[in-house]
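# Survey of secondary and tertiary structure
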Amino acid sequence: MSNATTAAHGDNYLNHEKGLWSWLSTVDHKRIGLMYMATVLTYFLIGGIFALLIRLELLHPTQTIMDANTYNRMFTYHGAIMVFLVVVPAIPTTLGNFLLPMMLGAKDVAFPKLNLASYYVYLAGGLFATASLFLRGADTGWTFYTPYSIRTSGTVILVLTGAFIAGFSSILTGLNFIITIHKLRAPGLTWSRLPLFVWATYATSIIQILATPVLAITLALLVMERVLRIGIFDPAIGGDPVLFQHFFWFYSHPAVYIMILPAFGVVSEVIPVFSRKPIFGYKAIAYSSFAIALIAFIVWGHHMFVSGESEFAAFLFSLITMFVAVPTGVKVFSWVGTMYGGSIRFNAPMLYAFGFLELFTVGGLTGVFLATLAVNVHLTETYFVVAHFHYVMVGGTLMALLAGMHFWFPKMFGKMYSESCARVAWFLILVGFNVTFFPQFILGAQGMPRRYWSYLPEFTLLNQISTVGSWLIAAGFLFTAFYLIKALISGEKAPSNPWNALTLDWQTPSPPPHDNFPVTPIVTDWPYEYRPDGAIVPIQGAAPLPA
Amino acid sequence: MSSTHESAYPVHHVGHHFNNASDEFEAAKQGMWVFLVTEILMFGGLFVAYGIFRGMYPEMYVEAHHALQMKMGALNTIVLITSSLTMALAVSATQRGKKQRAIGMMAATIFLACCFLVVKYFEYSHKFHEGLLPGAFYSNTEITNPKAPLFFSLYFMMTGLHGIHVLIGIGLISWMILRSLRNEFSENFYTPVELVGFYWHFVDIVWIYLFPLLYLVS
Amino acid sequence: MQFPNLMPIAATDAAVRWNSLYNFLLGISVFFFVLVIGAMILFIIKYRAREGAKTFYFRDHHFLEACFIAIPTILLLGIFGWGYSVYNSMMRPPADALEIHVIGKQWLWQFQYDNGRTTIGNLYVPLNKPVKLIMTSQDVIHDFFIPNFRVKSDVVPGMYTSVWFEARVPGEHQVFCGMYCGTSHSQMLAKLVVLNDQQWAEFQRGKKIGPQPDARLNLAAEDTTADPSEAQAATIEPVSLATQGRAVFETKGCVSCHSAGDPTHGGANIGPSLAGIFGKNAALQDGQTIRRDESYLRQVIEQPQSHLLKGYQQSVMPTFKGLISETEMNSLIAYIKSLK
């Protein structure tokens, strides 16, 4: 086959090789990114169905559709699947895998085979965790607090093993990304010219490699508690159940930032492009990611203010937690500052960025409530906490994932989706989200504890509003699935740079060729040089693009 | 016969995404360092648990540690340090293209690793026999401190996780011997052997911390 | 500012202080939300894409960025200080607080009073008197949560945690279990019944207290009188918790080794004397000093080896773990506390 015919067929990564096996055995970071996306979305569907069933059960104060034991399993799987299999890997493994080498002007990640192995490790972890669903299931909650998780019956070990295995995928992906950023930047791509998505991914990867091993050993010890009754976390044998909480939150608090930092990265890319303005406070946004990553490791005790931890520990953890709000605030102000004096366009990715700002601001501000010692005592373990972390993790991370998916959809698949459909879905999801979760703040302040299968009649109205909201979100996601699949099949052909963006990932055809760039790009400026006259200067050097 | 023939070496292809072999080598080395950091954190969890319970029950640690066989632990320390030396010699021989010597040294490393496991086997079976078992299975009556089962839980978890790392090390070094026999390494390409060397030294260092913490409590 | 339906009633002084802090946080959150989202909406409208419009060009504004850091930092430190001061007052019970033992188990709450009475599901406390709950669990972790008082604490097996309050509103207050504890977690409820002086005196004498009105109804009229028909005659003369503990002290054999500082009771000084030790510091054999509080007593009763006192090379006392129930433990500790 001559070069001419290859070019005529438009040799890109999607049709570079054909057949199922070429996908399953690929080491191309773009294909691996898409495989992750398909898997993450599948788990999202499963976790989402559980969420809908949980909300349906809470339609009435007593039993609606399931008994308490079933309900307890539902929220356990909803939490475990959404945290370990969806929100933690959501952006790094999908958008991160696809975009990181492209934004760096590289042909692949540093260790492509390891990357593929990480995918299968993740898949295996997910299968372990979900396999237990078909056995007796687990009812520990996703936090696996001891000694309940030691005593309860069910297939807890399978879920723990699943989370343990999925953790290694996270570690290996983080490792791969760190080395990729160190070693594979294109000529001229200095640290101060890195796109903010890359900075965010870098900070995320550092947390992944430092925190996840501690989760791994904690879960392994818990498995040993159940198998060998080692007693380290079991007061009946002389151990300390609160030690488990310390170990667990030493991972799981930083994990919150594994979830949200990549979302910050996506929003930092979307807002300047659709405001046609340089990002405001580039360095502040880049460094604040590291400030957050650093603080993330020394605030875990704020999950345990009422666990019997000492007053002194509570004092320190509350004080340090306050400082998380500072770099986070810097980011929010910088994004809004970027929009000031811009030329704002309302394409779907930007709408999702607006949605992100609204939900994340609410989530962030309510975080200050929970960081405040006395206030935390009343609000912790209530629906206030549930609403807070859904606003941050779903409102933040998932909105950013949707922004990113709509932003890079043309690049990934070379097709355009319907903007008007996207607007309808965005509206449904945003409104549905607020209707679902805002009442939960009030429920929590009123004192309704979380993980309640039944509740006092006085909480009925707000619970019912919340349940109706969940149906709006579901409708929004179903509609999104519909128009994106339609676009995949029969969407218009996308140009190589539909949004006139400046990062390297857009300076190559859509979909990109197998090696990402026809010629290795040479970078001469930062990626946010949007000039006042709106002229598009091909600043980030690359070969001339095909029309 | 093929060991000295330059043309007999299969050429290692530098990954298409790297500029040159030295970039690729540096990336692999950095990757291994980062991986070892994650390993330290994983063992770190156990060390922290050890430290917390030692702070709570210092006298229990003193009493319980007498049940460990200090001489066997010391012997194993010497065995592992020697194996680190043979591994280092194997890496240096590979770098200089001395295939036979490298394979010999790696075989010696595996032999020492097996010695370590055999000694460990005798230690473990002694403890099983004495009822010095983790947590709820503890049945020893000589040590009167009621918290003593915790010490043996930690002992088995820490040495167990370390033992798994020794087993993985034996597997990796065997694989390196196999690849050496297939002439995959040369003065120009010895990354995998060097990385396995890093790993083996790490396993050794973990033991050097475990030994005094478990066997030499005072 | 009042949020009548959004918050539970504030039935203690601490809850009132808590409300002010909470309302301040609400106010400041609304302010920042309007600032950020208002600015966003303003920019969306004002700077929407138009033909020929020129955009601004700036990358940084160091003064503005310094403000982004400084202003929130100052505000947050203030919020932290306020939060800590309220928390601090919620954590420190007055010395004369009435102590009640709480035991959580799947899935009920049990309460033990000084006078030896035990109730399940209903916790009776006096109005306008500080009450300290000393809590432990018999199985897994629970959490004692009284929304009207804004207090909550995990109830952990193998250790004691506590909360304290001084109820200002009589009647029944809802109690939840806040920590997921299995199948019937959401039904592990209790009522905290605040009694006026007369009712409390009756309760002390062992009378049965009938259902009381919901405290929310009592908030307006702070004074209620008990319906005399509800109170029934005492059927048993309650034995105080410390007296029950004295019996445990004998039946479990403690008396054969430990002196209770009472010539009629104990005297063989094989183990350390227990008279007047509670709340004092003691030197340990390894050179450390330890405060002999409830948790200490529980630990050395369950596992005497865990803290050897100075002068004792080893302990000959048997391990009581598993041999003594939570109720016996509470009464025994009450007895040791009563020794002078």
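Residues numbered from 1 in each chain as written. Chains lettered and ligands numbered in written order. Predicted model: local features only at pLDDT ≥ 70, side-chain atom pairs only at ≥ 80, totals over all residues. Heavy atoms only, no water.

Residues and elements named next belong to chain C. A sheet is described by the order of its strands in space; here five strands give the open sequence β3-β2-β1-β5-β8, paired in mixed fashion. Where the open sheet ends on each side, the last strands, each with one partner, are β3 (118–120) and β8 (161–166). Pairwise comparison of adjacent strand axes, ignoring direction, gives a mean angle of 25° for this sheet. As defined by bridge partners, strand β5 (residues 130–137) adjoins β8 across six bridges and the pair is classed as antiparallel. Its bridge partner lying in β8, Pro130 is registered against Glu166. (Pairing = 2+ DSSP bridges. Helix = DSSP H or I, 4+ residues; strand = E, 2+ residues; numbered from the N terminus. Axes fitted to C-alpha atoms, helices over the stretch in contact; angles between N-to-C directions.)

Residues and elements named next belong to chain A. Tallied over the full model, the rule gives 97 aromatic pairs over all chains. Between the aromatic rings of Tyr13 and Phe98, the centroid separation amounts to 5.6 Å while the plane-to-plane angle is 70°, which identifies the pairing as edge-to-face. Of this pair, Tyr13 sits in the loop between α1 (3–8) and α2 (20–24) while Phe98 is found in helix α4 (residues 68–104), placing the two residues 85 residues apart along the sequence. As far as burial versus exposure is concerned, Tyr13 and Phe98 are alike and both buried. Taken together, a centroid distance of 5.7 Å and an interplanar angle of 70° make the contact between Tyr71 and Phe75 edge-to-face. (Phe/Tyr/Trp six-rings, centres within 6.5 Å; stacked < 30°, edge-to-face > 60°. Buried < 20%, exposed > 50% of the residue type's maximum accessible area, 1.4 Å probe, protein only.)

Let's shift gears to the pattern of salt bridges. Applying the stated criterion across every chain, the model contains 20 salt bridges over all chains. The partner of Arg59(C) in a salt bridge is Asp525(A), with the nearest N and O atoms 4.0 Å apart. Within this pair, whereas Arg59(C) is found in the loop between α1 (13–46) and α2 (62–91), its partner Asp525(A) is found in the segment after β2 (492–493), the two belonging to separate chains. Residue classification places Arg59(C) among the partly exposed residues on the basis of a relative accessible area of 31%. Given a relative accessible area of 22%, Asp525(A) falls into the partly exposed group. Between Arg216(C) and Asp214(C) there is a salt bridge, with the nearest N and O atoms lying 2.9 Å from each other. A relative accessible area of 26% means that Asp214(C) is categorised as partly exposed. One network of salt bridges, with partners in common, ties together Asp525(A), Glu529(A), Arg531(A) and Arg59(C). (Salt bridge = Lys/Arg side-chain N within 4 Å of Asp/Glu carboxyl O.)

All names here are of chain C. When we look at burial in helix α3 (residues 197–204), the residues that qualify are Gln199, Trp200, Glu202 and Phe203. When α3 is viewed along its axis, its buried side chains cluster within an angular range of 160° and face the same direction. Count one or two residues on from α3 and you reach Gly206, which has phi positive near 95°. (Arc of directions from axis to C-beta.)

A few words now on the interface of chain C and chain A. Tallying the contact residues gives 81 residues for chain C and 92 residues for chain A. For the pair chain C and chain A, the two sides together bury roughly 7400 Å², of which 71% comes from carbon and sulfur. It is Phe80(C), Tyr87(C) and Tyr180(C) in chain C that bury the most area against chain A; as a group they hold 10% of the surface buried on that side. Connecting chain C to chain A are four salt bridges. When the shortest N-O distance is used, the salt bridge between Arg59(C) and Glu529(A) registers 3.1 Å. Counting the contacts that link chain C with chain A gives 23 residue pairs in polar contact (both at pLDDT 80 or more). Counting only elements with at least two residues in the side of chain C that touches chain A, the list comes to α1, α2, β6 (142–146), β7 (151–155) and β9 (171–177) of chain C. No other element matches α2(C), which puts 17 residues into the side of chain C that touches chain A. Of the residues belonging to the side of chain C that touches chain A, the class tally is 50 nonpolar, 17 polar and 14 charged. (Contact = heavy atoms within 4.5 Å. Buried area = accessible area lost by both parts, 1.4 Å probe. Polar contact = N/O pair within 3.5 Å; in protein donor to acceptor, adjacent residues only side chain to side chain. Nonpolar A, V, L, I, M, F, W, Y, C, P; charged D, E, K, R; others polar.)

With five residues of chain C at the contact, the number on the chain B side is six residues. Roughly 570 Å² of surface becomes buried between chain C and chain B when both sides are summed, with 50% attributable to carbon and sulfur atoms. Here chain C and chain B share zero salt bridges between them. Our enumeration of links across chain C and chain B arrives at zero residue pairs in polar contact (both at pLDDT 80 or more).

Below, the discussion takes up the sheet that holds β7(C). Each strand in a sheet pairs with another by means of backbone hydrogen bonds, the pair being arranged parallel or else antiparallel. All names here are of chain C. Taking strand neighbours across the sheet as the criterion, the five strands line up as β4-β10-β9-β6-β7 in an open arrangement whose pairing is mixed. The outermost strands of the open sheet, each flanked by one partner alone, are β4 (122–126) and β7. Averaged over all pairs of adjacent strands, the angle between their axes in this sheet comes to 25°, without regard to strand direction.

Further remarks concern the domain arrangement of chain C. All names here are of chain C. For chain C, the domain assignment lists domain 1 (13–49 + 57–91), domain 2 (98–218) and domain 3 (241–338). Put simply, the middle of domain 1 and the middle of domain 2, counted by C-alpha atoms, are 36 Å apart. Taken together, the seven residues of domain 1 in the interface contact six residues of domain 2. Contact with domain 2 buries surface across domain 1, with Asp13, Ala15 and Met90 losing the most and accounting together for 63% of the total. Across the salt bridge formed by Arg168 and Asp13, the nearest N and O atoms sit 2.9 Å from each other. At the surface where domain 1 touches domain 2, the tally comes to four residue pairs in polar contact (both at pLDDT 80 or more). Residue assignment for the side of domain 1 that touches domain 2 shows that the elements contributing at least two residues are α1 and α2. Counting residues per element, the side of domain 1 that touches domain 2 draws most heavily on α1, at four residues. (Domains from an automatic or database assignment.)

Once that is clear, we can look at a nonpolar patch on the surface. Residues Leu20(A), Trp21(A), Leu24(A) and Tyr120(A) make up a contiguous nonpolar surface patch of about 470 Å² in total accessible area. Among the secondary structure elements, Leu20(A) is positioned in helix α2. (Patch = residues over 30% accessible without salt bridge, like charges linked within 9 Å, V, L, I, M, F, W, Y side chains within 5 Å. Areas by Shrake-Rupley, 256 points an atom, 1.4 Å probe, with all protein chains shown as cover.)

The next thing to look at is the nonpolar core. Judged by nonpolar contacts, the single largest core of 336 residues is most densely connected at Leu95(A), Trp335(A), Met339(A), Phe356(A), Phe152(B), Leu133(C) and Phe144(C). Taken together, domain 1 (13–49 + 57–91) and domain 2 (98–218) of chain C each give at least three residues to this core, which thus spans both. Once residues lying within four places of it in the same chain are set aside, the contact partners of Phe144(C) are Val102(C), Trp109(C), Phe111(C), Leu123(C), Leu133(C), Met135(C), Val151(C), Lys152(C), Ser153(C), Val155(C), Val175(C) and Phe176(C). Listed in part, the 24 residues of the second largest apolar core include Ile134(C), Ile277(C), Ile324(C) and Leu332(C). (Core = buried A, V, L, I, M, F, W, Y, C linked by side-chain atoms within 4.5 Å.)

All names here are of chain A. Structurally, the position occupied by Met393 is in helix α14 (residues 383–413). For Met393, a relative accessible area of 12% corresponds to the buried category. Sequence separation between Met393 and Leu472 is 79 residues; the distance between their C-alpha atoms is 18 Å.

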